[in-house]
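Survey of secondary and tertiary structure
The chain contents come next:
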Amino acid sequence: MRIAMIGTGYVGLVSGTCFADFGHHVTCVDKDQSKIDALLSGKMPIWEPGLDGLVAANVARGRLSFTTKLSDALNGAEAVFIAVGTPSRRGDGHADLSFVFAAVEELAKALDHPVVVVTKSTVPVGTGDKIAALLKEHKAPDGCSVASNPEFLREGAAIADFKHPDRILVGAEDERARQVLAEIYRPLFLNKAPLLFTGRRTAELTKYAANAFLAMKISFINEMADLCEAVDADVQDLARGIGLDNRIGAKFLHPGPGYGGSCFPKDTLALLRAAEEAGVEQRIVSTVVKVNDDRKKAMVERVAKALGGELAGKRIGVLGLTFKPNTDDMRDAPSIPLVTALVERGAEVVAYDPVGREQAEPLLPAIHYAETPERVAVDADALVVVTEWDEFRGLDLRELATKMRGNALIDLRNIYDRVDAERAGLRYFGIGRGRT
Ligand code: UGA
C-alpha cells in the first residue's frame, strides 16, 4: 500500500519507517527543508536507538522516501497520516491544533483522489470531526474518510514499541477506513497484536486516558515513596508487592523526580482543558498534574537536605539531564527545575549526559558540562543521579568517592544499592527507601 506521512517528528518518522519496514511504500513529507535534506543524507533529526539503520535499509529497498512536496507524497497514496506536532498552547494548556489544521487544509487542496486521512498526532476528542468538515470546506475529493489511530510508542524504545504494540487502536466511522487500516497493520495483526476498532471520538480520548493513567501511576508511587521515607518502609519492595497483582501491574511504578517529556505533561493538561470545556470535573488528573509539578520543584530540597541545608558555594555533580534515558529530549525534563534552583541558590553545577548535552546547553547555560561521569565527581560535594542511563549503573562508586570532596550520593532514580554506596564511603539518599 502507498502511504503518505505528514510530519517527520518522533511519531511521524518512526511510524513511517516502520510502515515501510512492513513492506508498504511510504513517503514522508515535511515543510522543513533542512530536516528533509538531513534525512536524505541519512542524518536523523532525533536520537532514537536503531532508527538510522532502519531508515537506511528501507530507503535502500526503495520503500521509504522523503520530500517537502506534498503532491509527490500523495501520488497513488491510499492513506495519509497526519503526524505533526500538537504542543501545549501557550498560556492555557489546550492542545495547539494549528499545525494539524494547516496540514489538512493543504491536503484537501492537493488531493486528486479520495484517501483515508488518519490522525496519528495526539489530538483532543472531536478533532476528527473538524478535520472531516475542513476537508469538505476545502473541496477534497468525495469519498475521503477520517480515522484516528493514536500512537503509544515511547521515546528511546520507539521501534520496539511500534513493532510489538500491546494493542493497535483504530477509531473509524466507516468500513473503508477500517479496511485500509487493517491492511496497513496486517503484519502486526498476523503477529497477534490486538487490533481494536472503536468510534473516532473514543479513540481520540483513549489516547489521553492512557497517558493520564500512566502519569497517575507515577504520581501515586512518588507519593508512596514520600510516605515510605516518613515511616521507614521501602518503596521498591512496596512497588513489587502491589505490582505483582495483575490488576495493578508492575510497570510505571518506578518512583523518581517526577515525569517529564513531550507527552505526559502536555497531554494531562490538554485532557483537563477538554474536560473543562465539556463541563466535567477531572479531579484525579488535576491532582496528578499538581503532585508532579510540586515534586519537580521539591527535588532541590532533597539535595539541600543531604548537604545540611546550605547550597551556596557547594559543587554539585549531576548525572543525566534528559527526561529519561535513551533520548536526547529535554522537554519538561525534571533536571531543568532542579538544576535551575541549584544555581539560583548559589551552587556550582557540573553535569554529564551521554547524549543530551546539545539540547541541554541552551536550557541550562549557567552550568559546566563534563565529558565523562567521572569528571562530574571531581571535587563535588554531592552527586545527584537525575536520569537512569545504563552507563551510570556500572560506575565504580569507590572511584567516584575518592574524587569527591564531599560524600553525598542523591539517587533520584534508585539505581544504586545503599549498602554498596556506603561501602564505597558515600552517604546514600535514595527515593522512598526508608527513613532519610
Ligand atoms: C509516553 C507513553 O509511555 C507512551 O505510551 C506514549 O505513546 C507517549 O508518551 C506519547 O504520548 O507519545 P514517553 O513520554 O516517551 O512515552 O516516555 P515514558 O517512558 O512514558 O516516560 C515519561 C516520563 O515518566 C519520564 O520522565 C520517566 O522518567 C517517567 N517515569 C516513567 C517515571 O518516573 N516512573 C515510571 O515508572 C515510568
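Residues numbered from 1 in each chain as written. Predicted model: local features only at pLDDT ≥ 70, side-chain atom pairs only at ≥ 80, totals over all residues. Heavy atoms only, no water.

A short note on the side chain of Ser262
In this structure, Ser262 sits in the loop between helix H11 (235–243) and helix H12 (264–278). For Ser262, a relative accessible area of 13% puts it in the buried group. Of the polar contacts made by the side chain of Ser262, one reaches the side chain of Glu155; its length is 3.4 Å. If sequence neighbours within four positions are ignored, Ser262 has contacts with Glu155, Asp329 and Arg331. (Helix = DSSP H or I, 4+ residues; strand = E, 2+ residues; numbered from the N terminus. Buried < 20%, exposed > 50% of the residue type's maximum accessible area, 1.4 Å probe, protein only. Polar contact = N/O pair within 3.5 Å; in protein donor to acceptor, adjacent residues only side chain to side chain. Contact = heavy atoms within 4.5 Å.)

Some words on the domain arrangement of the protein
Taken domain by domain, the protein holds domain 1 (2–198) and domain 2 (201–436). Between the C-alpha centres of domain 1 and domain 2 there is a distance of 32 Å. Contact with domain 1, which involves 32 residues of that partner, is made by 26 residues of domain 2. Taken together, the two surfaces of domain 1 and domain 2 that pack against each other cover about 2300 Å², and 57% of this comes from carbon and sulfur. The three residues of domain 1 that bury the most area against domain 2 are Trp47, Val125 and Glu155, which together make up 29% of that side's buried surface. Put simply, domain 1 and domain 2 have two salt bridges between them. Salt-bridge contacts for Arg331 lead to Glu155; the nearest nitrogen and oxygen are separated by 3.7 Å. (Domains from an automatic or database assignment. Buried area = accessible area lost by both parts, 1.4 Å probe. Salt bridge = Lys/Arg side-chain N within 4 Å of Asp/Glu carboxyl O.)

Some thoughts on the packing of helix H10 (residues 200–231) against H12
Contact geometry for H10 and H12: axes closest at 9 Å, N-to-C directions at 120°. Between H10 and H12 the crossing geometry is left-handed. Along its contact with H10, which presents Leu205, Lys207, Tyr208, Asn211, Ala212, Leu214, Ala215 and Ile218, the element H12 presents Phe264, Asp267, Thr268, Ala270 and Leu271. Broken down by class, the residue content of the contact of H10 with H12 amounts to nine nonpolar, two polar and two charged. (Axes fitted to C-alpha atoms, helices over the stretch in contact; angles between N-to-C directions. Left-handed = near helix turned anticlockwise from the far one by under 90°. Nonpolar A, V, L, I, M, F, W, Y, C, P; charged D, E, K, R; others polar.)

Details of the site of the ligand
Neighbouring the ligand are 19 residues, the closest being Phe152, Leu153, Glu155, Lys207 and Asn211. Within the backbone of Glu151, an N or O atom sits 3.4 Å from an oxygen atom of the ligand. A distance of 2.9 Å separates an oxygen atom of the ligand from a polar atom in the side chain of Arg413. Protein contact buries 92% of the 710 Å² of open area that the ligand shows by itself. Looking at the shell around the ligand, the elements that each hand over two or more residues are H10 and H12. A per-element tally of the shell around the ligand places H10 first, with three residues. Among the residues making up the shell around the ligand, the classes are represented as nine nonpolar, three polar and seven charged. Structurally, the shell around the ligand is a two-domain feature, drawing no fewer than three residues from each of domain 1 (2–198) and domain 2 (201–436). (Near = heavy atom within 4 Å. Areas by Shrake-Rupley, 256 points an atom, 1.4 Å probe, with all protein chains shown as cover.)

Digging into the state of the cysteines
Counted under the stated rule, the structure contains zero disulfides. You can see Cys144 has no disulfide; the closest cysteine sulfur is in Cys28, sitting 20 Å from it. Here Cys144 falls in the partly exposed class, since its relative accessible area comes to 23%. (Disulfide = S-S within 2.5 Å.)

Re the packing of aromatic side chains
Two aromatic rings, taken as a pair, are described by how far apart their centres are and by the angle between their planes. Tallying each qualifying case throughout the model produces 10 aromatic pairs. Between the aromatic rings of Phe19 and Phe81, the centroid separation amounts to 5.0 Å while the plane-to-plane angle is 45°, which identifies the pairing as tilted. Of the two residues, Phe19 is situated in helix H1 (residues 10–21) and Phe81 in strand E4 (residues 79–82); the sequence distance between them amounts to 62 residues. Phe81 carries the same exposure label as Phe19, and that label is buried. For Arg167, the ring lying beneath its charged end belongs to Phe152, and the centroid distance is 3.5 Å. (Phe/Tyr/Trp six-rings, centres within 6.5 Å; stacked < 30°, edge-to-face > 60°. Lys NZ or Arg CZ within 6 Å of the ring centre and 35° of its normal.)

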